[in-house]
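# Reading the structure
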Amino acid sequence: MNLRRSFILGTTALLILAGCQGTTRNARYDARTEREIERLLSQMTLAEKIGQTNQLSSYGTAEAMHDVIAEGKVGSILNEVDPYTINAMQRIAVEESRLGIPLIIGRDVIHGFRTVFPIPLGLAATFDPELVEQGARIAALEATASGVRWTFSPMLDISRDARWGRIAESSGEDTYLNKVMGTAMVRGYQGGGAGDPTCMAACAKHFVGYGAAEGGRDYNSTNIPPRQMRNVYLPPFEACIVDAGAMTLMTSFNDNDGIPATGNTHLLTDVLRKEWGFDGMVVTDWNSAGEMIAHGFADDGKDAARKAINAGVDMDMMSHTFGLNLEELIAEGKVDEGRLDDAVRNILRLKFRLGLFDDPYVDADAARDACYTEENLAAAYRSAAESAVLLRNENNTLPLDASKLRRVLVTGPLADAPYEQLGTWTFDGEASHTVTPLAALRETYGDRIAFVFEPAMATSRSRMSAAQLAAVTAKAAQCDAVLVFAGEEAILSGEAHCLADLNLQGSQSDLIAAARRSGRPVVTVIMAGRPLTVKRDLGNMDALLYSFHPGTMGGPAIADILFGKVSPSGKLPATFPVAAGQIPMHYNRNMTGRPASGTEVLLDDIVPGAGQTSLGCSSYMLDTGFAPLFPFGYGLSYTTFEYSRPELDAESYSADGTIRAACTLRNSGSRDAEEVVQLYVRDMVGSVTRPIKELKAFRRVAVPAGETVRVEIELPVAELAFWNIDMERTVEPGEFRLWMAGDSDSGEYATFHVK
Ligand code: BGC
């Protein structure tokens, strides 16, 4: 067994790793930094303090920004990545502004800088936090070489709605998975923490609840009750702040239960500062302070600035409301200067921690050297390979046998679309460095197989005529197999790109059907930013490999999976619904008083004129039933895995105990492969109703063909705590069930009790 894999991902591991974050955590108590901050603060004019709280988007050149920087009217600049320009801007700040305070340059480095990794939803599908941390480290190395010292990532928004375009940027629907992936990213971005010149400050965003937008429409209101907020939405933020030491946090656009996040004192001050002890910096989202006017929560810019800073915001991203109004608000006593001082302290602390006062410059000539290194590309390849999820494989169509194929038709809008496969939020990724599946297939397997390329559709939204479809069928018939690369262009997911219809767009379903009519094996690869509803297409494909936009090295990773060099091992980080109308749909729902059993009457079973009754009815839909198309955690392999029932080291545990769970995992197929063993728990009875299952740990293990391994996971009982009827975080005594399985909907359970 691969030793590198034998790590345990429970809270134990998180705590140990958090302990390793010494540099970041200890920085909290760096008395020297605090003295420096006070020294500087005491010299600052009111205007200079307000200037520090102002974040502006780059005007494009240092000259254009000269005056605003030299006059100390800006503390941070976003959207500038040219290292020469960044150096020139820093020079103005350090040499020409009165106090010489350096700028901090921020950027959305969301899944890689130049080397693009799979979108975060794909990274989550790897269930490999070690790899995700490595990817974030690489992103930081590439970006900091250009002078970008602050990324607006990780996004920790629990996303249970694939209509919401930003599900692409999330780690999916599960709280624990978001927590594990979020903390891995924070560790990767921040590297050695304070004083490390390659430390890129992480930003835990969007605080909070943004992913629960009503109807999946971006920016929409959310209605998350306090207990759900605590149990589901806050834990990833708490872990990133308290355990991993994220240096900054961003407020979100949404109003929850009527309170816009940027003006929410309870969350920004009581929870974040007082409960979690956060001493980092809070920034608004783009104009989210100003948007409190549109929300109907503030009269005007002045009122918005007052509400935002008083709630606990330190820096204003692009609403200008702080710069324009704080002086007056302080003079009128509506904002306490002490609050402004605290905001400035938080901003200066960040700059000190990053070492910007010591050296804000980069070696601009060498900046590109950090990018696209062999190591970076190898990590991007591995991430893309581990993130691909095999959803269907009838009669072992995959892997393809290169020795048996002469001609293969490659078709579909995503087969050779280097920009589209990068996915959303890739300002700095470059199509010219991206390897597409077509290029990789020809490069690696082209000496043995003729790949006939027929894109068929220019974009994922194009329409095909009957004649064009017939031509594809005819071409396919002349080949031994068909590879259809379908999905979404990058622009169809991400911020403000929401959809009500989650079927494949344009004529893609017709294209798959046309390929099917050839009678040749049809393998579909979908590259998309969200779970799509692929039910109508499944019958037309022999195999389906789902790749959340895989990034720079997506092509080679997919080609190697198709030809069996790598066995797929990704698992779904979000439930795949049968139809969009089932949404929101997530595995960790509550039982309800009338849970569905799977034996329900469906539309076609209803006899005409059937009498009205509600007896025996359960929670499901007449047309789609109650089950999803594919459950959370699902993903096939080229081999088969057999799980034993989990064994526990005791029948009952005390609240401070540790559960030692184990199962045997047999690779009963003929290929070496990796499997993600998932540990789920159900709390059978609570003072409030509890989810039917909750992911509590997972472990990626390599199992050689024919071998059996024993997988052991330790789970502290404290991990079973939740916010109960009295709004206390506690483990309630009683009966629990525990599964160790390959997805959220299979496996046998063991029972235990907590005393
Ligand atoms: C997004 C943030 C992003 C910011 C800066 C906003 O529109 O919501 O996630 O970090 O822009 O680009």
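Residues numbered from 1 in each chain as written. Predicted model: local features only at pLDDT ≥ 70, side-chain atom pairs only at ≥ 80, totals over all residues. Heavy atoms only, no water.

### Observations concerning helix H17 (residues 374-387)
Note that an α-helix has 3.6 residues per turn; residues three or four places apart therefore point the same way. Compared with an ideal rise of 1.5 Å per residue, which puts 14 residues at 20 Å, H17 spans 20 Å between its outermost C-alpha atoms and is within 8% of the ideal. Buried residues of H17: Asn 376, Ala 379, Ala 380, Tyr 381, Ser 383, Ala 384, Ala 385, Glu 386 and Ser 387, and no others. (Helix = DSSP H or I, 4+ residues; strand = E, 2+ residues; numbered from the N terminus. Expected span 1.5 Å × (residues − 1). Buried < 20%, exposed > 50% of the residue type's maximum accessible area, 1.4 Å probe, protein only.)

### Side note on the nonpolar core
In a soluble, globular protein the nonpolar side chains are often hidden away together inside. Among the nonpolar cores identified, the biggest contains 145 residues, and Ile 69, Phe 207, Leu 249 and Leu 720 are the most heavily contacted of them. Here the element with the most residues in this core is helix H9 (residues 175-190); it accounts for eight residues. Three or more residues apiece are contributed to this core by two domains, here domain 1 (385-562) and domain 3 (641-754). Excluding residues within four positions of it along the chain, Leu 720 makes contact with Ile 659, Val 681, Arg 690, Lys 696, Leu 715, Thr 730, Val 731, Phe 736, Phe 752 and Val 754. Of all hydrophobic cores here, the second largest spans 44 residues; its members include Ile 167, Met 541, Leu 572 and Val 578. (Core = buried A, V, L, I, M, F, W, Y, C linked by side-chain atoms within 4.5 Å. Domains from an automatic or database assignment. Contact = heavy atoms within 4.5 Å.)

### Here we look at the site of the ligand
Looking at the ligand, there are 13 residues lining it, with Asp 108, Arg 166, Lys 205, His 206 and Asp 285 nearest. Contact distances for the ligand include 2.6 Å between an oxygen atom and a side-chain N or O atom of Asp 285. Measuring from an oxygen atom of the ligand, one finds a side-chain N or O atom of Glu 495 at 2.8 Å. Contact with the protein chains hides 93% of the accessible area of the ligand, taken as 310 Å² for the molecule alone. Looking at side-chain class alone, the shell around the ligand contains seven nonpolar, one polar and five charged residues. (Near = heavy atom within 4 Å. Polar contact = N/O pair within 3.5 Å; in protein donor to acceptor, adjacent residues only side chain to side chain. Areas by Shrake-Rupley, 256 points an atom, 1.4 Å probe, with all protein chains shown as cover. Nonpolar A, V, L, I, M, F, W, Y, C, P; charged D, E, K, R; others polar.)

### Some words on the packing of aromatic side chains
In the structure shown here, the tally under the stated rule is 23 aromatic pairs. Through pairs of rings, three or more aromatic residues link up here, namely Phe 127, Tyr 176, Tyr 587, Phe 632, Tyr 680 and Phe 698. Sitting over the face of the ring of Phe 297, Lys 307 holds its NZ or CZ atom 4.6 Å from the ring centroid. Its guanidinium or amino end placed over the ring of Phe 722, Arg 690 lies 3.6 Å from that ring's centre, counting from NZ or CZ. (Phe/Tyr/Trp six-rings, centres within 6.5 Å; stacked < 30°, edge-to-face > 60°. Lys NZ or Arg CZ within 6 Å of the ring centre and 35° of its normal.)

### Notes on the sheet that holds strand S5 (residues 203-207)
Read across the open sheet, the three strands follow the order S5-S6-S9; overall the sheet is parallel. Single-partner strands in this sheet number two, and they are S5 and strand S9 (281-283). On average, adjacent strands in this sheet sit at an angle of 25° to one another, irrespective of strand direction. Where S5 and strand S6 (residues 248-251) come together, three bridges link them in parallel fashion. Note on S6: the bridge partner recorded for Cys 203 is Thr 248. Contacts from helix H11 (residues 235-243) reach S5 and S6 within the one sheet, and its direction differs from that of S5 by about 155°. Along the sheet, helix H12 (residues 265-275) makes contact with S5, S6 and S9, crossing S9 at roughly 160°. (Pairing = 2+ DSSP bridges. Axes fitted to C-alpha atoms, helices over the stretch in contact; angles between N-to-C directions.)

### Comments concerning a nonpolar patch on the surface
Judged by side-chain polarity, Val 601, Leu 603, Ile 606 and Leu 622 come together as a nonpolar surface patch covering roughly 320 Å² of accessible area. Within the fold, Val 601 resides in the loop between helix H22 (554-562) and strand S17 (641-643). (Patch = residues over 30% accessible without salt bridge, like charges linked within 9 Å, V, L, I, M, F, W, Y side chains within 5 Å. Salt bridge = Lys/Arg side-chain N within 4 Å of Asp/Glu carboxyl O.)

### Section: the confidence of the model for the chain
With 96% of its residues at a pLDDT of 70 or more, the chain has an overall mean of 95. The low-confidence segment residues 1-27 (pLDDT under 50) makes 58 contacts with residues lying over four places distant or belonging to another chain. (pLDDT = per-residue confidence, 0-100.)

### Focus on the sheet that holds strand S2 (residues 76-78)
Read across the sheet, five strands follow the order S4-S3-S2-S1-S10 without closing on themselves; strand pairing throughout is parallel. Only two strands of the sheet have a single neighbouring strand rather than two, namely strand S4 (150-151) and strand S10 (316-317). Pairing geometry for strand S1 (residues 54-57) and S10, over two bridges, is parallel. If you follow Asn 54 over to S10, its bridge partner there is Asp 316.

### Some remarks on the packing of helix H8 (residues 129-144) against H17
Running from N to C, H8 and H17 cross one another at 145°; their axes reach a closest spacing of 10 Å. Seen along the crossing, H8 lies across H17 with a hand that is left-handed. Seen from H8, the contacting residues are Leu 131, Gln 134, Ile 138 and Glu 142; seen from H17, they are Glu 375, Asn 376, Ala 379, Arg 382, Ser 383 and Glu 386. (Left-handed = near helix turned anticlockwise from the far one by under 90°.)

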